[in-house]
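Breakdown of the fold
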Amino acid sequence: MKGIPLALLALVTTALAHAEQPLVFVSAFASAEKAGIHAFGFDSEKGMLKPLKRTTGVQSPFFIALSPDRRFLYSIDEFGGKDNFVAAFAIEGRGGDLRALNRQNSRGKAACYVEVDPTGKSVLVANYSSGNVASLPVMGDGSLGESVSFFQHSGSGGDPERQKGPNAHCFVVSPDGRHAFAADLGIDKVMIYALDAATAKLTPNATQPFAKLTPGSGPRHLTFHPGGKLVYLINELANTITVFDWNAADGTLQEKQSIATLPADFTGKSYTADLKITPDGKHLYGTNRGHDSLASYRIAADGTLTLLTVQPSGGKGPQNLLITPDGRWLLCANMPGNNVVVFKIDSASGSIKSHGEAVEVPMASCIRWME
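Scope of this entry: the structure provided in the associated data block.

Following the sequence through the fold, Lys46 ends up in the loop between β2 (36-43) and β3 (48-55). Linking Lys46 and His355, residues 309 residues apart in sequence, is a C-alpha distance of 9.1 Å. If sequence neighbours within four positions are ignored, Lys46 has contacts with Trp329 and His355.

Rendered as structure tokens:
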């Protein structure tokens, strides 16, 4: 750049490099002045998070989700209150700024999971305490319309203390956008719905309305294998991961394996939370709260898992995970530990190693990535 002073050129180069950095949003599941959604810049070469912005005006944002075009962010708002909401924000610029659009009632208590379908036209929400799920249409400006579908789950599970009634804990849309799966911890079932994304309408799946788990499992979160034929479900109460064959055509699930997340000699109390798969589909990681660890697995060609290691998560209560799209880094939100820890992934072995200093976030509960 002939004619530009070297000092100015350095500033421009630094600014461009910063502008190209991905953003990482982390929700702070706190109340009053500590609540908010934190935005960080992520240096993909150094594996470092740099604080950029904190958005307030949202209370106890337990879970967040981004639209497929990365223009909007949706968050749980007022978790646990008399009324729970899903809030919509516009993402402005590359500095992590969020502009509030509106919010709509989640139609349940303790709203704990929010998901956007692949078209960006539907938002789904799971309500834990009331044990129900709902869907909301997305308007042209990214704001949310009132709920158009609502389903109340019923029944109980195998643990008389924890499973007296339904507790919907996640609501995940299949990669093709045709079905939605709600893991209900309280009734040991994964409820299966057909989704019409254009209208945000849900209907119970005709071929298989639910998949039943072993009594006392407590299904919590699920995720899809990038190969398109497998679903992995982490069970909070049993501290296991269940592997399913998934038929995308009719949305059905067929269980094929269940494997522990804890060392065989552990005798204390622990409860799983989240699981994520590397983009190449070769490794899976799950969280143990109580043991405060991350379980690492190798994924075989048939989708079955082999436990590799169980190692410290770098904080108390590992709640949520994120794996970067290049498969090089794993981020772990330790909620009661009040931090986010970055781990470097060895793509060949699947081993992970903590990297750099943990970043403080009060009650860090959910992590989302934006290129």
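Under the counting rule described, the total for this entry stands at eleven salt bridges. Among the ionic pairs, Asp245 bridges to Lys256, the shortest N-O distance being 3.2 Å. With Asp245 in strand β19 (residues 240-247) and Lys256 in strand β20 (residues 252-260), this residue pair connects regions lying eleven residues apart in the sequence. Of the residues examined, Asp245 reaches a relative accessible area of 32% and is grouped as partly exposed. With a relative accessible area of 32%, Lys256 lands in the partly exposed category. For Lys276, the salt bridge goes to Asp274, with nearest N and O atoms at 2.7 Å. According to the relative accessible area criterion, Asp274 is buried, its value standing at 2%. Taken together, the salt bridges that share partners define one network made up of Arg162, Arg220, Glu236 and Arg289.

On to the packing of aromatic side chains, then. Under the counting rule described, the total for this entry stands at ten aromatic pairs. Measuring from centroid to centroid gives 4.9 Å for Phe29 and Phe79, while their planes differ by 90°, and the two rings are edge-to-face. With Phe29 in the loop between β1 (23-28) and β2 and Phe79 in the loop between β5 (72-77) and β6 (85-92), this residue pair connects regions lying 50 residues apart in the sequence. Judged by relative accessible area, Phe29 falls into the buried class, the value being 15%. Owing to a relative accessible area of 27%, Phe79 belongs among the partly exposed residues under this scheme. Note on Phe151 and Tyr193: the rings are 5.0 Å apart at their centroids and 40° apart in plane angle, and the pair reads as tilted. Of this pair, Phe151 sits in strand β11 (residues 149-152) while Tyr193 sits in strand β14 (residues 189-196), and the two are 42 residues apart along the sequence. Look at Phe151 and you get partly exposed, because its relative accessible area is 22%. Here the aromatic residues Phe29, Phe62 and Phe79 are joined through ring pairs into a cluster of three or more. When the ring centre of Tyr271 is taken as origin, the NZ or CZ atom of Arg162, which lies over that ring, is 5.6 Å away.

Right, let's talk about the sheet that holds strand β4 (residues 64-66) for a bit. Strand order in the open sheet formed by four strands is β4-β5-β6-β7, with antiparallel pairing between adjacent strands. Unpaired on one side and paired on the other, β4 and β7 (97-105) mark the two borders of the sheet. Within the sheet, the average angular offset between the axes of one strand and its neighbour, ignoring direction, is 25°. Of the pairings in the sheet, the one linking β6 to β7 comprises eight bridges and is antiparallel in character. For Phe85, the partnering residue across the bridge sits in β7 and is Asn105.

Below, the discussion takes up the layout of surface pockets. Size it by volume and the largest pocket reaches roughly 1100 Å³. Along its surface, the largest pocket is lined by 35 residues, and Arg70, Glu115, Thr223, Lys276 and Arg368 are the ones closest to its centre. For the lining of the largest pocket, the elements supplying multiple residues, two or more each, are β4, β8 (111-116), β12 (168-173), β17 (219-224), β21 (271-277), β25 (318-323) and β30 (364-370). Partitioned by chemical class, the residues of the lining of the largest pocket number 22 nonpolar, seven polar and six charged.

Basis of the calculations
Residues numbered from 1 in each chain as written. Predicted model: local features only at pLDDT ≥ 70, side-chain atom pairs only at ≥ 80, totals over all residues. Heavy atoms only, no water. Helix = DSSP H or I, 4+ residues; strand = E, 2+ residues; numbered from the N terminus. Contact = heavy atoms within 4.5 Å. Salt bridge = Lys/Arg side-chain N within 4 Å of Asp/Glu carboxyl O. Buried < 20%, exposed > 50% of the residue type's maximum accessible area, 1.4 Å probe, protein only. Phe/Tyr/Trp six-rings, centres within 6.5 Å; stacked < 30°, edge-to-face > 60°. Lys NZ or Arg CZ within 6 Å of the ring centre and 35° of its normal. Pairing = 2+ DSSP bridges. Axes fitted to C-alpha atoms, helices over the stretch in contact; angles between N-to-C directions. 1 Å grid on protein atoms, 1.4 Å probe; cavity = no way out; pocket = protein on both sides within 12 Å on 5 of 7 lines; lining within 4 Å. Points joined across faces, edges and corners; volume = space filled by probe spheres on them. Nonpolar A, V, L, I, M, F, W, Y, C, P; charged D, E, K, R; others polar.

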